[in-house]
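# Close look at the chain arrangement
As a plain string of letters, each chain reads:
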Number of protein chains: 4
Amino acid sequence: MAKGVNKVILLGNVGKDPEMRATQGGTVVANFTLATADRQKDQTGNWVDKTEWHNLIAFGRTAEIVRDYVKKGSQLYIEGKIQTRSWDDKESGQKKYRTEIIVNDMSLLGGRAGGEGGGQYSGGRSSGGYSQGGGNYGNTTSFDQRTPQNDFANEGITDDDIPF
Amino acid sequence: MAKGVNKVILLGNVGKDPEMRATQGGTVVANFTLATADRQKDQTGNWVDKTEWHNLIAFGRTAEIVRDYVKKGSQLYIEGKIQTRSWDDKESGQKKYRTEIIVNDMSLLGGRAGGEGGGQYSGGRSSGGYSQGGGNYGNTTSFDQRTPQNDFANEGITDDDIPF
Amino acid sequence: MAKGVNKVILLGNVGKDPEMRATQGGTVVANFTLATADRQKDQTGNWVDKTEWHNLIAFGRTAEIVRDYVKKGSQLYIEGKIQTRSWDDKESGQKKYRTEIIVNDMSLLGGRAGGEGGGQYSGGRSSGGYSQGGGNYGNTTSFDQRTPQNDFANEGITDDDIPF
Amino acid sequence: MAKGVNKVILLGNVGKDPEMRATQGGTVVANFTLATADRQKDQTGNWVDKTEWHNLIAFGRTAEIVRDYVKKGSQLYIEGKIQTRSWDDKESGQKKYRTEIIVNDMSLLGGRAGGEGGGQYSGGRSSGGYSQGGGNYGNTTSFDQRTPQNDFANEGITDDDIPF
DNA sequence: TTTT
DNA sequence: TTTT
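Because the structure is predicted, anything quoted here is derived from the model rather than measured.

With that settled, the discussion passes to the relation of the copies chain A and chain B. Overlaying chain A with chain B gives an RMSD of 0.0 Å, the required rotation being 180° about an axis along which the chain moves by 0.0 Å. Here the symmetry operator amounts to a two-fold rotation axis. Using C-alpha coordinates, one finds that chain A approaches the rotation axis most closely at Val8(A), a distance of 2.3 Å. A share of 100% of interface residues in chain A that are also interface residues in chain B marks the association as one of identical surfaces.

The residue Ser107(C) is located in strand E6 (residues 95–108) in this model. Taking the C-alpha atoms as reference, Ser107(C) lies 5.8 Å from Leu76(C); in sequence the two are 31 residues apart.

Now for helix H1 (residues 60–69) of chain A. All names here are of chain A. A large share of H1 lies buried, amounting to 7 of its 10 residues. Those residues of H1 not exposed but buried are Gly 60, Thr 62, Ala 63, Glu 64, Ile 65, Val 66 and Arg 67. Where H1 is buried, its residues contact strand E2 (19–22), strand E3 (28–41), strand E4 (47–59) and strand E6 (95–108).

This paragraph deals with the side chain of Asn6(D). Mapping Asn6(D) onto the fold places it in strand E1 (residues 5–14). A distance of 2.9 Å separates the side chain of Asn6(D) from the backbone oxygen of Ile82(D), its partner in a polar contact. With residues up to four places along the chain from it excluded, the contact list for Asn6(D) reads Ile9(C), Leu10(C), Thr36(C), Glu52(C), His54(C), Gly80(D), Lys81(D) and Ile82(D).

So, on to the pairing of strand E4 (residues 47–59) of chain D. All names here are of chain D. With 13 bridges connecting them, strand E3 (residues 28–41) and E4 associate as antiparallel partners. Bridge pairing links Ala 37 to Thr 51 in E4. The antiparallel pairing of E3 with E4 creates a hairpin that spans 5 residues between the two strands, and Gly 45 there sits at a positive phi of about 90°. Sheet analysis places E4 next to strand E6 (residues 95–108), joined by 2 bridges and oriented parallel. Pairing of Ile 57 across the sheet is with Ile 102, part of E6.

We now examine the interface of chain A and chain B. Taken residue by residue, the interface counts 40 residues in chain A and 41 residues in chain B. Between chain A and chain B, the buried area comes to about 3,200 Å², and carbon and sulfur atoms account for 45% of it. The interface formed by chain A and chain B contains 2 salt bridges. Note that Lys81(A) is salt-bridged to Asp38(B), the shortest N-O span being 2.6 Å. For the pair chain A and chain B, the interface holds 11 residue pairs in polar contact (both at pLDDT 80 or more). With 7 residues, the single largest contributor to the side of chain A that touches chain B is strand E1 (residues 5–14) of chain A. For the side of chain A that touches chain B, the per-class residue count stands at 12 nonpolar, 12 polar and 16 charged.

All right, on to the pattern of salt bridges then. Scanning the entire structure with this criterion turns up 36 salt bridges over all chains. Between Glu64(A) and Arg61(A) there is a salt bridge, with the nearest N and O atoms lying 3.4 Å from each other. In this pair, Glu64(A) and Arg61(A) both sit in helix H1, 3 residues apart, roughly one turn of the helix. Take Glu64(A): its relative accessible area is 11%, and that puts it in the buried class. Sharing partners across several salt bridges, the network here consists of Lys7(A), Glu79(A), Lys7(D) and Glu79(D).

So, on to the side chain of Thr99(C). Looking at the secondary structure, you find Thr99(C) in strand E6. Within polar-contact distance, the side chain of Thr99(C) engages the side chain of Thr84(C) at 2.9 Å. Thr99(C) has contacts with Asn55(C), Ile82(C), Gln83(C), Thr84(C) and Thr99(D), leaving out every residue within four places of it along the chain.

Predicted coordinates in areas of low pLDDT are best not read in detail. All names here are of chain A. Per-residue pLDDT for chain A has a mean of 75; in total, 66% of the residues score no lower than 70. Below a pLDDT of 50 lies the segment residues 112–120, which in the model reaches 18 contacts outside its immediate sequence neighbourhood of four places, other chains included. Low confidence marks residues 124–154, where pLDDT is under 50. Its contacts with residues over four positions away, or in another chain, come to 51 contacts.

Here we come to the environment of Gly26(D). All names here are of chain D. Mapped onto the elements of the fold, Gly 26 is located in the loop between strand E2 (19–22) and E3. Judged by its relative accessible area of 14%, Gly 26 is buried. Each C-alpha atom of the pair Gly 26 and Gly 60 lies 9.0 Å from the other, and the pair is 34 residues apart in sequence.

All names here are of chain A. Two strands pair when backbone bridges link them, and E2 and E3 are joined in this way by 4 bridges, in the antiparallel orientation. Bridging across to E3, Glu 19 finds its partner in Asn 31. In this antiparallel pair of consecutive strands, E2 and E3, the connection spans 5 residues, and Gly 26 shows a positive phi of 95°.

Conventions we followed
- Residues numbered from 1 in each chain as written.
- Chains lettered and ligands numbered in written order.
- Predicted model: local features only at pLDDT ≥ 70, side-chain atom pairs only at ≥ 80, totals over all residues.
- Heavy atoms only, no water.
- Least-squares fit on C-alpha atoms with pLDDT ≥ 70 in both.
- Contact = heavy atoms within 4.5 Å.
- Helix = DSSP H or I, 4+ residues; strand = E, 2+ residues; numbered from the N terminus.
- Buried < 20%, exposed > 50% of the residue type's maximum accessible area, 1.4 Å probe, protein only.
- Polar contact = N/O pair within 3.5 Å; in protein donor to acceptor, adjacent residues only side chain to side chain.
- Pairing = 2+ DSSP bridges.
- Buried area = accessible area lost by both parts, 1.4 Å probe.
- Salt bridge = Lys/Arg side-chain N within 4 Å of Asp/Glu carboxyl O.
- Nonpolar A, V, L, I, M, F, W, Y, C, P; charged D, E, K, R; others polar.
- pLDDT = per-residue confidence, 0-100.

The structure is reproduced here in structure tokens:
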């Protein structure tokens, strides 16, 4: 089979500084949110602004770029795909779902990124460049990967969920 | 403001015959699922097929076309946007989320649509054509809209959620 | 039939201030160019930058927004479709082709647009809003529409080419 | 730099059997046309069908798949980018332009492909897989690559135009 | 002809 | 939680 298309294009602003993690296998993972502003008519026919929030996740080289250049407020263009993970919530016993956009391509736009100057990066196909070995960035960056195997424990993510 | 983009492009096959409903206001609503097949490498480097399921929702004129032409197995091209609704689950008291693709454009492809011949339709921008008045299709179609106001009660949808 | 898709997504910078014209029927028309930067490998395996130039054309309400907010240097996100027009070149007698992107949606990004402050606009579906009657903007804007019927004479465009 | 996006999505039918060629360097090249059907309003407000023809070009592994599975009538989903080449026409001395869609991704749909059964293929990112060495397909396929270096001579294409 |  |  394999004749599907699952493509997402987003342009919006980052809600918070990305959260950096790593898998057991050492793959860098970045989680962040993106707000896309929409304008639509309400029942009375008035135009109202509506913000949709998206959960984004990046892996490997793309995640490293997110770590280095993306921050709260950054304006981003994103290409990715939709993925819904599910797991059994330990507390309630209920099945839980979380829909995320896996980032494949990215362009940092000229938005007022939080701080000091803002990097400029446009991701390519990240062709073959995923650094899966994990690196020595542990103590030079802001995230703690001492126990990466537990990072997603509460929502059941494992290395099996890494899409490559 | 309002410089966001929230766009989804899907190409896949419909999982079940669409479920038809209507809002209190009489807007026709179609819910269905779409499977997009993907091929990705697993940890051992082998190519494995993976199917992603998407929840789709169409309104008004688009929903009527879904009702008339889309069935289990239909191969569809879809353009839409991502929307995540949330509500408080009455049983568990937990906050629940459901991410859906709101269908804006649609093309029926030549896939093996369930049955007798298959309609052919390519949705345009549905330009101004949403029939919000509800119609007299109640007893000529397969869905029961006697109590449309209750259709989404279990997941908290109201006319406020209709995006136009 | 009608099951086609013809969609273009561009993100880049405007090359020159837009040229404004009008058709005989009074529809405002904006022509401008957009540069999209690409990075690709050359034969020796080095990454080289390459700029692709696109001819964009907007009509009606969208053209008015281009006129009012877009200038040389503006960073734009564009959605549109590809259209190739052909005509017989009067001088050489040869068939000539010109491929253009018809702009359907547009978002002005935070790029350093030429001048004084820069407007912010994100085009919607231009839903039903094309002002086809022509207006009294003749002497309040920078373009001269006294003889609109001649504007495209050299490349054979007529009102028939306006896609709506 | 390098924050551009140049993306094309097409869904339509192939106009003729693809023409296969090869560059001096041995890269397989496929040229074909794709028709996308559109429905738009004419001046009198009637809906008229309009077909837009696109020139497509595929390289390497993607071209081989085109050669093996695509034929006149095939229904295709395409992702690619726009590229305009220019050269000086030797006869008239005029500058000539040709806009093409470079195919990056492709899905064969269930349309009535010319003949005997139709292959099924969905191109991935063709990640790193372009076979640039040329192969021994010379006498097993329908195209003659004895003098590949001359194939594009009349429109000035060289290996420099191959985008990788 | 743009942009970084 | 972003942005204008």
